[in-house]
Amino acid sequence: MADEVRYERRGVVALVTMNRPRYRNAQNSAMTYALDAAFTRAVDDDEVRVIVLAGAGEHFSAGHDIGTPERDADIEFPRRAAIWWDHTGKEGADRRYAREVEVYLGMCRRWREIPKPVIAMVQGACIAGGLMLAWVCDLIVAAEDAFFADPVLRMGIPGVEYFAHPWMLGPRFAREVLFTGDRFDARRAYEIGMVNRVVPRAELEPAVLALAERIAAMPPFGLALAKRAVNQCEDLMGMRAGMDSVFGLHHVAHAHNAEVTGNPLAGLDPAAMKKASS
Ligand code: ZN
């Protein structure tokens, strides 16, 4: 497994840690496929009952890698999520659609279907693509210092690829989060039901492991069925179909940016995004 992700066993818990703390765990493709390998390993290990997704360092995830020296958007990886051609060697919307249907929407959906409970352990930044990673987990436990935002409207894009916002935030607050791009803190995330628990930073890991162990006492097949039951009902509440329709709007925005500015992200790099938000 690549260095981008650490895999540890803590008794019945598999701790999967995003490991690019220098870049606030920005998600490049190497990390994406390393996460997929780690989740698969945890699913295949019968002794693992619960999976915890964590971020090394001060932050959970700053989102998709849009500008680190290890950005690898031009590299071909063996595809796992979607049966579609590879993006490399393609142009324009053909390229972007192929890439994002695989590494963003497809992978997130694949991970949401993991048949074991997954808990996100969130501290510091959980921004844009970071939200996608937390949202596909079944439970979210946040440290008091955690903060959340989806600021991609600054690039003219109506939210990240896994458009769960109205279901995770409620439609009213989803609009505010999208329209302002502003951060919201762990307490607000708890009040609107986006996170399960908020704990002091020093108690984050013990609190998550204690919760994981409680859940691990349940029958594994029962847990898998309960997880599937909630997921199915969420989809009956329109989440899957909504996301499919919004994925088209997301790609209209990328294409518009490319047509008008010559860059699908409207020329905004991480520094520009940070400046725009301060
Ligand atoms: Zn995109």
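I will try to describe carefully the structure that is included in this document. Small disclaimer: the values here were computed from a predicted structure and weren't measured. (Residues numbered from 1 in each chain as written. Predicted model: local features only at pLDDT ≥ 70, side-chain atom pairs only at ≥ 80, totals over all residues. Heavy atoms only, no water.)

## Topic: the sheet that holds strand S7 (residues 147-149)
Part 1 of the reasoning: Strand order in the open sheet made by the three strands is S5-S7-S8, with mixed pairing throughout. Of all strands in the sheet, those bounded by a partner on one side alone are strand S5 (125-127) and strand S8 (184-185).
Part 2 of the reasoning: Sheet analysis places S5 next to S7, joined by three bridges and oriented parallel. Among the inter-strand pairings, Ile127 is bridged to a residue of S7, identified as Ala149. (Pairing = 2+ DSSP bridges. Helix = DSSP H or I, 4+ residues; strand = E, 2+ residues; numbered from the N terminus.)

## Structural notes on the coordination of the zinc ion
Part 1 of the reasoning: In the first shell of the zinc ion, the protein supplies Glu100 (OE), Glu100 (OE), Glu161 (OE), His250 (NE2) and His254 (NE2), at 2.1 to 2.3 Å from the metal.
Part 2 of the reasoning: Linear spacing of the donor residues for the zinc ion on their chain is E-x60-E-x88-H-x3-H. Of this pair, His250 and His254 both sit in helix H9 (residues 239-261), four residues apart, which is roughly one turn of the helix. Here His250 and His254 have matching classes, each one buried. (Donors = N, O, S within 2.8 Å, 3.2 Å for Na, K, Ca; no water. Buried < 20%, exposed > 50% of the residue type's maximum accessible area, 1.4 Å probe, protein only.)

## Structural notes on the packing of aromatic side chains
How two aromatic rings sit relative to each other is given by the distance of their centres and the angle of their planes.
Part 1 of the reasoning: Per the counting criterion, the structure on display carries seven aromatic pairs.
Part 2 of the reasoning: Relative to Phe77, the ring of Tyr33 has its centre 5.1 Å away and its plane inclined at 10°; by these criteria the two rings are stacked. Of this pair, Tyr33 sits in helix H1 (residues 29-44) while Phe77 sits in the loop between strand S3 (50-55) and helix H2 (92-112); the two residues are 44 residues apart in sequence, bridging distant segments of the chain.
Part 3 of the reasoning: We classify Tyr33 as buried; its relative accessible area is 9%.
Part 4 of the reasoning: On the basis of an interplanar angle of 25° and a centroid distance of 5.5 Å, the ring pair of Phe148 and Phe184 is categorised as stacked. A residue pair is termed long-range when its members are at least 10 positions apart, and Phe148 in strand S7 and Phe184 in strand S8 qualify at 36 residues.
Part 5 of the reasoning: Look at Phe148 and you get buried, because its relative accessible area is 0%.
Part 6 of the reasoning: A cation over an aromatic ring shows up here: Arg188 above the ring of Phe173, its NZ or CZ 4.1 Å from the ring centre. (Phe/Tyr/Trp six-rings, centres within 6.5 Å; stacked < 30°, edge-to-face > 60°. Lys NZ or Arg CZ within 6 Å of the ring centre and 35° of its normal.)

## Describing the pairing of strand S2 (residues 13-18)
Part 1 of the reasoning: The buried fraction of S2 amounts to six of the six residues, a majority that puts the element mostly inside the structure.
Part 2 of the reasoning: Side chains Val13, Leu15 and Thr17 of S2 all project onto a buried face; the interleaved residues Ala14, Val16 and Met18 project onto the opposite face, where all are buried too.
Part 3 of the reasoning: Taken together, strand S1 (residues 5-10) and the strand that follows it, S2, pair antiparallel across an intervening segment of two residues, in which Gly11 is found at a positive phi of about 65°.
Part 4 of the reasoning: Two elements, S2 and S3, share six bridges in a ladder whose sense is parallel. Pairing of Val16 across the sheet is with Leu53, part of S3.
Part 5 of the reasoning: One crossover worth recording links S2 to the parallel S3 by way of H1, and it is right-handed. (Right-handed = clockwise from strand over helix to strand, strands pointing away.)

## Observations concerning the layout of surface pockets
Part 1 of the reasoning: Reported here for the largest pocket is a volume of approximately 1100 Å³.
Part 2 of the reasoning: If you trace the largest pocket, you find 49 residues lining it, with His64, Ile66, Met155, Pro270 and Met273 closest to the centre.
Part 3 of the reasoning: Secondary-structure elements contributing two or more residues to the lining of the largest pocket are H2, S7, H9 and helix H10 (270-277).
Part 4 of the reasoning: Here the residues of the lining of the largest pocket sort into 21 nonpolar, 12 polar and 16 charged.
Part 5 of the reasoning: Looking at the second largest pocket, its volume works out to about 530 Å³.
Part 6 of the reasoning: Together, 26 residues line the second largest pocket, and Cys137, Asp138, Leu139, Asn196 and Val230 are the ones closest to its centre. (1 Å grid on protein atoms, 1.4 Å probe; cavity = no way out; pocket = protein on both sides within 12 Å on 5 of 7 lines; lining within 4 Å. Points joined across faces, edges and corners; volume = space filled by probe spheres on them. Nonpolar A, V, L, I, M, F, W, Y, C, P; charged D, E, K, R; others polar.)

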